[in-house]
Every structure is written in C-alpha cells, then in structure tokens.
Amino acid sequence: GHSWGYSGSKGEESWPKNYEFCGGVYQSPVDFHQNILQYDSTLQPIKLSGYNVSSTDSFTLSNNGHTVQMSLVPTMKIEIEPFHYTASQLHLHWGQKSTPKGSEHCIEGKRFAGEVHVVHYNSDKYADLSTAMKESDGLAVLGILIEVGSFNPTFEKIISQIQNIRFKNQKIQIAGFGVRELLPERLDEYYRYEGSLTTPPCYPSVLWTVFRNPVIISEEQLIALETALYCTDSNSSEPVEMTNNYRQLQSHGERLVSVSFRE
Ligand SMILES: NS(=O)(=O)c1cc(-c2ccccc2)cc(-c2ccccc2)c1
Ligand SMILES: [Zn+2]
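Undergrad: I tried to follow the coordination of the zinc ion (ligand 2) on my own but got confused; where do I start?
TA: The textbook angles at a metal center are 109.5 degrees for a tetrahedron of four donors and 90 or 180 degrees for an octahedron of six. Taken together, the protein ligands of the zinc ion (ligand 2) are H91 (NE2), H93 (NE2) and H117 (ND1), with distances of 2.0 Å. For the zinc ion (ligand 2), the four donor atoms are set out with angles of 98 to 116° between them, so the coordination reads as tetrahedral. Sequence spacing among the residues donating to the zinc ion (ligand 2) works out to H-x1-H-x23-H. The buried category is assigned to H93, whose relative accessible area is 2%.

Undergrad: Looking at this structure, how should I read the site of ligand 1?
TA: Around ligand 1 lies a shell of 18 residues, among which Q89, H91, H117, L197 and T198 are the nearest. Take H117: an N or O atom from its side chain is 3.3 Å from a nitrogen atom of ligand 1. Protein coverage of the free-state accessible area of ligand 1, which is 500 Å², stands at 90%. Applying the majority rule of atoms within 2 Å of the grid points places ligand 1 in the largest pocket. Going through the elements one at a time, β7 (83–94), β10 (114–122) and β11 (139–148) are the ones with two or more residues in the shell around ligand 1. The element that contributes the greatest number of residues to the shell around ligand 1 is β7, accounting for three residues. Here the residues of the shell around ligand 1 are counted per class, giving eight nonpolar, nine polar and one charged.

Undergrad: Even after reading the chapter, I still don't get the side chain of N152, so can you show me in this structure?
TA: Within the secondary structure, N152 is located in the loop between β11 and α3 (153–159). You can call N152 buried: its relative accessible area is 8%. At a separation of 2.9 Å, a polar atom in the side chain of N152 contacts the main-chain amide nitrogen of F155. The contacts of N152, once residues within four sequence positions are left out, are V215, I216, I217 and Q221.

Undergrad: So what exactly am I meant to see when it comes to the layout of surface pockets here?
TA: Counted as a void, the largest pocket has a volume near 540 Å³. Forming the boundary of the largest pocket are 26 residues, of which Q69, Q89, H91, T199 and P200 lie nearest the centre. Counting only elements with at least two residues in the lining of the largest pocket, the list comes to β7, β10, β11 and β14 (206–211). A per-element tally of the lining of the largest pocket places β7 first, with four residues. Here the lining of the largest pocket is composed, by residue class, of 12 nonpolar, 14 polar and no charged. Across the lining of the second largest pocket, the residue classes break down as five nonpolar, nine polar and four charged.

Undergrad: Sorry if this is basic, but what is going on with the environment of P214 here?
TA: Within the fold, P214 resides in the loop between β14 and β15 (215–217). Separated by 101 residues in the primary sequence, P214 and A113 place their C-alpha atoms 9.7 Å from one another. Excluding residues within four positions of it along the chain, P214 makes contact with L145, I146, E147 and P184.

Undergrad: What is the right way to look at the packing of aromatic side chains in this model?
TA: Aromatic rings in a pair are described by how distant their centres are and how their planes are angled relative to each other. Applying the stated rule across the entire model yields 11 aromatic pairs. Ring plane angle 70° and centroid distance 5.5 Å describe the contact between F21 and Y203, whose orientation is recorded as edge-to-face. Of this pair, F21 sits in the loop between α1 (15–18) and β1 (31–32) while Y203 sits in the loop between β13 (190–195) and β14, placing them 182 residues apart in sequence. Residue F21 is classed as partly exposed on the basis of its relative accessible area, which comes to 36%. Considering the side-chain rings of F59 and F177, the 5.4 Å spacing of their centres and the 85° angle between planes classify their relative orientation as edge-to-face. Of this pair, F59 sits in strand β4 (residues 58–63) while F177 sits in the loop between β12 (171–175) and β13, and the two are 118 residues apart along the sequence.

Undergrad: Can you walk me through the nonpolar core in this structure?
TA: Considering soluble globular proteins, one finds that nonpolar side chains tend to be buried as a cluster. Formed by 47 residues in total, the largest nonpolar core has its most connected members in F59, V68, M70, L72, L90, L142 and V179. Discounting residues that sit within four places of it in the chain, F59 has contacts with V53, M70, S71, L72, V73, I172, Q173, I174, A175, G176, F177 and V179.

Undergrad: I would appreciate a short explanation of the pattern of salt bridges in the present structure.
TA: Pairs can form between side chains of opposite charge whenever their charged atoms are close. Counted according to the given criterion, the structure contains seven salt bridges. Here K110 and E147 are joined by a salt bridge, their closest N and O atoms 3.2 Å apart. Placement of K110 in strand β9 (residues 110–111) and of E147 in strand β11 is noted, with a sequence separation of 37 residues between them. Of the charged contacts, one joins R212 and E263 as a salt bridge, the two residues approaching to 3.7 Å between their closest N and O atoms. Taken as a pair, R212 in the loop between β14 and β15 and E263 in the segment after β16 (257–259) lie far apart in primary sequence, 51 residues in all. With a relative accessible area of 77%, E263 lands in the exposed category.

Here is what the cut-offs are and how they apply
Residues numbered from 1 in each chain as written. Chains lettered and ligands numbered in written order. Predicted model: local features only at pLDDT ≥ 70, side-chain atom pairs only at ≥ 80, totals over all residues. Heavy atoms only, no water. Donors = N, O, S within 2.8 Å, 3.2 Å for Na, K, Ca; no water. Tetrahedral: all angles 85-135°; square planar, octahedral: opposite > 155°, others 65-115°. Buried < 20%, exposed > 50% of the residue type's maximum accessible area, 1.4 Å probe, protein only. Near = heavy atom within 4 Å. Polar contact = N/O pair within 3.5 Å; in protein donor to acceptor, adjacent residues only side chain to side chain. Areas by Shrake-Rupley, 256 points an atom, 1.4 Å probe, with all protein chains shown as cover. 1 Å grid on protein atoms, 1.4 Å probe; cavity = no way out; pocket = protein on both sides within 12 Å on 5 of 7 lines; lining within 4 Å. Sits in = over half its atoms within 2 Å of the grid points. Helix = DSSP H or I, 4+ residues; strand = E, 2+ residues; numbered from the N terminus. Nonpolar A, V, L, I, M, F, W, Y, C, P; charged D, E, K, R; others polar. Contact = heavy atoms within 4.5 Å. Points joined across faces, edges and corners; volume = space filled by probe spheres on them. Phe/Tyr/Trp six-rings, centres within 6.5 Å; stacked < 30°, edge-to-face > 60°. Core = buried A, V, L, I, M, F, W, Y, C linked by side-chain atoms within 4.5 Å. Salt bridge = Lys/Arg side-chain N within 4 Å of Asp/Glu carboxyl O.

Keep in mind these values describe shape, not function.
Next up, the structure:
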C-alpha cells in the first residue's frame, strides 16, 4: 500500500491523509499517569499457552521496512476472559543510539529504551487476522517495555540474526524458542485499555495489555538493534536507517486505563 514512515513528509502528522483511523479516536500509544489510572481488582493474570515453542518449529524473522517482525505459530495462545486469542507476530519499537529511548507506551511520562509487541487476534470470534484487525474486539497486543541492564540470552536469538535482514523485505527462518522468556516474570501486573494499532491503518481494534515490569537487555544488544536495520531495500540509492520507529503519545480522550496492581 501507500508508504508511511516515522519522519519527514511521510511522518505521523501525514498518516491521517491516507489512513483516516489514524486521525480518529481510541488511538495508541498513551502515557500511564496517575490521574487516568483506575485499580481493577477483577483483572486476572494473563494466561499463556503454547508459548514455549520447540526448536523443531521455526519462526520467520523479517524486515518489513518499519520494524523487525517475527512470525509466531498458531499454537501460541493467550486467554483474556471471556476470549481466547491466537498469536500472529511479534515486533519491536526502539529509538536511536544518541537518544536510546524508543518505547511507545510511557509510565508517568518516562519513555523506556524500547518495546516488544506480541500481536494476537480473537480466534473465538474471527476466522483470521485480517478480518479480526478491523473489529473493535479483534486484537489483543501484549506490550513489554525494554530497559537496559544485563545481557538477555533469549533476546539474543533475535538480535544475533538482524545482520541477515538489514534491508526491507529480507527474511530468514530461525528455530523456535520459548517466547515466554521475552515476557516479564509477573504476568499479573499490567496496564489495560482499549486502543489501536500504533501504525497505519491505526484500526481502533486493540485490547492493550502493557506489563508493569520491563524486560532487560544489554546496552550492546540495544545498540545492535538501533544501528543494524534499514527501512529501504538493498538496492536503494538513498538508504534510510530504521530508527525511532515509535509513535508519539496520543490523547486519552474519555478513556481511563485499568491497572491490575496497587502501588
Ligand atoms: N504496533 S502494533 O502492535 O499496533 C502493530 C500491529 C500490527 C498487526 C500485525 C498483525 C495483525 C494486526 C496488526 C502490525 C504493525 C506493523 C508494524 C510495522 C509495520 C507494519 C505493521 C504494528
Ligand atoms: Zn507495535
């Protein structure tokens, strides 16, 4: 479809021109700050199944021109009452080496180093992803904030391969692995709200779950992510570096954000 980007004439200010939902309501990401948070004691821990994928399975790691995306396997599911959601893909958002702050969601105005999104669709109600993504109850995305600290061996399974997908439309197969290890320990502590895809077409179809606790990767792993990839394909005369692929914060409007934990 149309080309969109995160900077210049194709930047997010121009998204609504070609994607009307991007200028609409229920947009993501948002800031989680005190006066829009509401404790909800009924929020259950996120239930995962099939997340410990065997190495005999394989994931496709690809550069789609906007992010690094890893296809997942349909045996990976989550349950968020009353629905079951089937995993589709995971992808990342990050900043740049000189300003290593590229998460999409923020907590009390703090932007984290990056963010992992694990995208699922409501497989109780919809036959496939492309149908589900247009429906208000179609998608459930898990957001995991990324912070810098010690080396992360599970994250390394992705980072070690990105030199092979530096340019748009490049893809490789990698062995399946335990995606559970990319999630924080506490699956019972999270922010919950109704929002949208954070990229065009910005459909307001996402039940967001952003975990309270970040996943930790090393500074070297973050720098590799910030410096390896291009938005353009391998024969482009003007290579565009893939950095700062995060959307600006959107207004909450009438929305509150539910939290599953007290301070
Ligand atoms: N950031 S996100 O989670 O809202 C998101 C979800 C999906 C998505 C994926 C499958 C089904 C339905 C929606 C795709 C993208 C995307 C990011 C970069 C380039 C193109 C698309 C981003
Ligand atoms: Zn995303």
